[in-house]
Every structure is written in structure tokens, then in C-alpha cells.
Amino acid sequence: MLEMVSDGFKKAHHLLQGKAIITEKNIEDALREIRVSLLGADVEFHVVKAFLDRVKIKALGEIVQTKVSHGGKKLKVTPHQHFIKICYDELVSLMGPVDSSLAFGPRAVTVIMMVGLQGSGKTTTAAKLARYLEKQGKKPMMVAADIYRPAAIEQLKVLGGRLDIPVFYAPGKNPPQICKDALDAAQFKGCNVVIFDTAGRSIIDETLMEELEEIKDATNPDNILLVVDAMIGQDSVNVAKEFDRRLDMSGFILTKLDGDARGGAALSIKEVTDKPIKFIGIGEALDRLEEFRPEGLASRILGYGDVVGLVKDFEDVVDEKAEEDAEKILKGDFTFDEFLKQLKIIKKMGSLSDIVEKLPLGMGALPQGQGVDDKELIRVEAIIMSMTPYERTHPGCLDDSRVTRIASGSGQAKSQVVELVNRFKTMRQVMRNLGKGLTGKKKALARLGMGDENIADLLGGGIPRQKKQALVDLKKKKNKRKTAKKAKRKNR
Ligand SMILES: Nc1nc2c(ncn2[C@@H]2O[C@H](COP(=O)(O)OP(=O)(O)OP(=O)(O)O)[C@@H](O)[C@H]2O)c(=O)[nH]1
Ligand SMILES: [Mg+2]
């Protein structure tokens, strides 16, 4: 995600490292690297120019204090750290402020209308959003308002079936009428939110654009969300402008950020339209929707990871027992049994590479392509099940003859068993690193900031405070559970 932009900032960072002072000359080289990467990532040209101007003015205009006071602490700051802080602030203000809110009006049924170009991800995102809302305690219903693509209704019905969320469809009627009827149907079914999945269109298709306006007039949506495929690059800005002109959007959902190294839309769209990015889609699976947090993305871009996001993902899928296991695992001493269990949890959190991406640079010591897919999980399970209980708890004893036996017992090649053992060791190391970050106190928090404590503190307006808060929240939650457990035991 956004690797291209990240690269530019990394290069700029290196260019300025060690410089005693930021001058017009050396900042020019750094800014050039950022400019090339932003343009390469398809960030809109004017946005790039305005962004760089702001960074330059601030970097040259502000007197860099090498000693600053932060939270009662004296910090030493180098000019390149100061430069990163400026970039971080400017990235956040470019993409922010945070606004993942959805409007819930006074009516019994809240209306969310999804619009967007063909194939942008409307139907998938409608389902993701329905799942998200259900988790928030709402009762959503999806509405099949795409009557043009033959399989569209079926697609929505399948998604609804998977999530156990009702889908309203009315063959033979036109979309404005379908959407209007859906409001009554929702009330009848006891649903309080409807999500219209409208047909994909190109902005030059006047008839279909008019149809969207008719749906809007007929149902007066509380939220109109434009689903934008991050991969369409520069065009996304024109699409956003045109849809906003016609329909007055509430905000955007950017999809397919997972698949695109460029993702320039994330940096351009808010600046150009002044409407917020509310959510981002980061995968095809129905749980791959995140509330958009500019701070998280900005710190990812700058290589400081998104630990808040990571903790959130973790909390989402981990139950109490697993949380206890995780604590053990995070210390780096775990067995093959726990490894298997953890693989299943990680699978639920998304791919391993996805998680590594959220770690600060240097912590994700995992080679590329180490994700787990379902097939692999079955293979791993077979291998682990062919180990004796002793071998599972004492991985160090796995010599050649044991590996040969396990291979034939599980029906796998010997090389695959060896690969798994190696992977297990890598994972132990990664988990140990992660554990150092998520447990322990001050030192560990500094490590989360890439060991660059001053930078981490400097970015204090955003990252570390959030990290600290996320960690404090996690701890509080755990303590609460512990107390509840104790009380339960006492009552027995
Ligand atoms: N990688 C990735 N793929 C996505 C994401 N969102 C949607 N997709 C995929 O994009 C393709 C198109 O998604 P749809 O939801 O059918 O798009 P649509 O806008 O409803 O398409 P039309 O109804 O034909 O206009 C599907 O293969 C989805 O699985 C995402 O966030 N990441
Ligand atoms: Mg669709």
C-alpha cells in the first residue's frame, strides 16, 4: 500500500540525515525525491505542488530548535527529524480530518446510497458496510438497485446470504421505485438502515447519472458515498469532482488500496473536493474495511507503522483465551500447537504481509510472500499433527530423521517440513519483536517509534500518544476482564 510514496519520503529522509542545517539547496534535493514519488503514485499535480510548497515554507521558515520541550521533557531534535515532523503534519492535514461518521437522520430508516464507476467496488463495499453497521448494533438491509448488470442482484443476494443480512430486490421495477419501496420493506422487516447498491456507471453516461439524481430525489439519502477505486489514479479526482457536483457527496470510500503501490487518490481526493474519506477498502474479504485514519496512513507512509490499527485488528478477532495465548506468544516462546492456533488468528486478521505493513520499519523482519492461505493452513496443520507431543513443544529436537518421519507421516515433501520449521523460527522472532513493542513500558514504546525516541515523541501530536492510548486501553480491558473473572471464581 502506497509503497511508492513511502519510498520518496524514505529517500528524502536519508538525504537530510546528518545535515546540520536545512538549506534551500539540500531541501531541494529532498523535495525532488518526494515530488517524483508523489507524481509517480498518481497524486494530482496541483496537490503535489501545494503540498511541497507548504513543506518547504515550513521547513525553511521555522527556526529549527534543536532542543524542545515536550510533555515536560527536554528533547533533542535534529533538522531531518524536524523535517519529518513537518511532512507528517502536512500529510495528516492533506488527508484529514478524521471523519468516519455516518449520518443517522430522524427517520426510522437511515438511507445510505452507494455510487461509483463500474467495478469500483460498490457491491462489495455495500456488504462490508452492512457488516460494519451490524457490528455497531444496527439492523441493515441491502437494496439491489442495479438492474442492468445481469448478475448484479444475484451477487448482492450471495453476499447478503454470507452475512445473514436481508437483501431487498424487486425485478421489473425501476431503481428509484425499488429504492423507495425498500424503505417500507426495511421498516416491515425491522431494519433501521438501508444501503442502496446502485449500478456502475461512467460519468459520461448521462442517463445513468440522471437516474442517480432521481433516486436521491425519491429517497433523500442521509449519506451518499462515492466508492472510488484507488487504482484509477489521476482520474479518481475528476470522477470525485463530477459526482460531487451532481449529487453533493457526503464522503468517499477508497477501495483496493491493498492492491496498489501508488494509491495517489488517498492523498488527492480530500484536498480537491473538501469532502472526507470515510473508509478504506483493503481487500476483497468482507471484513477488509477500515475507518479511515489519516494519522495511521501518514505514519505508515513515513515508515512509522500503524500500531493503533494493528491493535484494533487484533482486538477485532481475538477472544479472551486467545489474548492470553498471545501474551505468551509475544514473548517468543511458543510451541507448534500455539503456532498453529496463532496462524488461524492471523489468517482472520488478514494476511501476514498486511500485518507486517502495519509494523514500524525494521520490526517486520519477515521475508515477502510469507502470507498464509487456506490451502497452506491445511498443509501446515497436517505437518504439525504428524509431530509427537514432545516435538511440538520442543522444536529444537527436530533433526533430520525426525523431519523425514514427519514428512512421510503427513504426506508432504521433506523440504516442506524444513520450510515450515524455518518459518516457525522466523515467526517466533517476529512475534518476539512485536512482543517487545506491545508489552513492557517506556523502552518498548520508544522501540515502536523505530528506536528513534525523539522522533516518536516529536510526532507526539499523533503517533505515540495514540499508541500509548491504544496500549493503555488494551491493558484496561484486560484488567477489567481479570477482575470480572476473579469475581466469577469467587462466586462459584
Ligand atoms: N483487492 C481488493 N479488491 C476489491 C476491493 N473492493 C472490491 N474489490 C474487488 O473489485 C471487484 C469489483 O467489485 P464490485 O463490488 O463488484 O464492484 P461494483 O462497483 O459493484 O461493480 P459494478 O456493479 O459492476 O459497477 C471484485 O472482484 C471485488 O472483489 C478491495 O478493497 N480490495
Ligand atoms: Mg455492483
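Here the structure is a predicted model, which means the values were calculated and not measured. (Residues numbered from 1 in each chain as written. Chains lettered and ligands numbered in written order. Predicted model: local features only at pLDDT ≥ 70, side-chain atom pairs only at ≥ 80, totals over all residues.)

**Some points on the sheet that holds strand β8 (residues 251-255)**
Item 1. Pairing in this open sheet of 8 strands is mixed, and the strands run β5-β4-β6-β3-β7-β8-β9-β10 from one edge to the other. Two strands close off the open sheet at either side, each with one partner strand: β5 (167-168) and β10 (289-291).
Item 2. Bridge analysis of strand β9 (residues 277-281) against β10 gives 3 bridges, and the strand direction is antiparallel. Paired with isoleucine 280 across the two strands is glutamate 290, which belongs to β10.
Item 3. Docked against the sheet, helix α6 (residues 152-163) engages β4 (140-145), β5 and β6 (193-198), running at close to 165° with respect to β4. (Pairing = 2+ DSSP bridges. Helix = DSSP H or I, 4+ residues; strand = E, 2+ residues; numbered from the N terminus. Contact = placed C-beta atoms within 7 Å. Axes fitted to C-alpha atoms, helices over the stretch in contact; angles between N-to-C directions.)

**Section: the site of ligand 1**
Item 1. Every one of the 21 residues lining ligand 1 counts as a neighbour, but Gly121, Thr123, Thr124, Gly200 and Gly281 are closest to it.
Item 2. The leading source of residues in the shell around ligand 1 is helix α5 (residues 122-135), at 3 residues.
Item 3. When its residues are assigned to classes, the shell around ligand 1 shows 2 nonpolar, 12 polar and 7 charged. (Near = placed C-beta within 6 Å. Nonpolar A, V, L, I, M, F, W, Y, C, P; charged D, E, K, R; others polar.)

**Here's the deal with the pairing of β9**
Item 1. By the criterion of burial, β9 is predominantly enclosed, with 5 of the 5 residues buried.
Item 2. Pairing geometry for β8 and β9, over 3 bridges, is parallel. If you follow isoleucine 253 over to β9, its bridge partner there is phenylalanine 279. (Buried ≥ 20, exposed ≤ 12 C-beta atoms within 10 Å, placed from the backbone.)

**Description of helix α11 (residues 294-301)**
Item 1. Of all 8 residues making up α11, 8 are buried, and the element is well covered by its neighbours.
Item 2. Buried within α11 are the following residues: Pro294, Glu295, Gly296, Leu297, Ala298, Ser299, Arg300 and Ile301.

**Here's the deal with the confidence of the model for the protein chain**
Item 1. Summarising the model, the protein chain shows a mean pLDDT of 79, and 70% of its residues fall at 70 or more.
Item 2. Below a pLDDT of 50 lies the segment residues 361-372, which in the model reaches 27 contacts outside its immediate sequence neighbourhood of four places, other chains included.
Item 3. Across residues 437-468, where pLDDT falls below 50, the model places 61 contacts with residues more than four positions away in sequence or in other chains. (pLDDT = per-residue confidence, 0-100.)

**Thoughts on the nonpolar core**
Item 1. Val143, Val194 and Ile195 are the most contacted members of the largest nonpolar core, which has 89 residues in total.
Item 2. The element contributing the most residues to this core is helix α4 (residues 79-95), with 7 residues.
Item 3. Shared between two domains, this core holds at least three residues of each, these being domain 1 (3-95) and domain 2 (110-292).
Item 4. Every residue in contact with valine 143, bar those within four places of it in the chain, is listed here: Phe168, Ile178, Cys179, Ala182, Val194, Ile195, Phe196 and Asp197.
Item 5. Ile384, Ile406, Leu420 and Phe424 belong to the second largest nonpolar core, which has 10 residues in total. (Core = buried A, V, L, I, M, F, W, Y, C linked by C-beta atoms within 7 Å. Domains from an automatic or database assignment.)

**Looking at helix α2 (residues 24-40)**
Item 1. Taking 1.5 Å per residue as the helical rise, α2 with its 17 residues ought to reach 24 Å, and the 24 Å between its terminal C-alpha atoms agrees with that figure.
Item 2. Buried within α2 are the following residues: Ile27, Ala30, Leu31, Ile34, Ser37 and Leu38. Summarising the axial view, the buried residues of α2 lie within an arc of 120°, below the 170-degree limit, and thus occupy one face. Opposite the buried face of α2, by more than 90 degrees, sit the exposed residues Lys25, Glu28 and Asp29.
Item 3. A positive backbone phi angle near 70° is found at aspartate 42, which sits one or two residues after α2. (Expected span 1.5 Å × (residues − 1). Arc of directions from axis to C-beta.)

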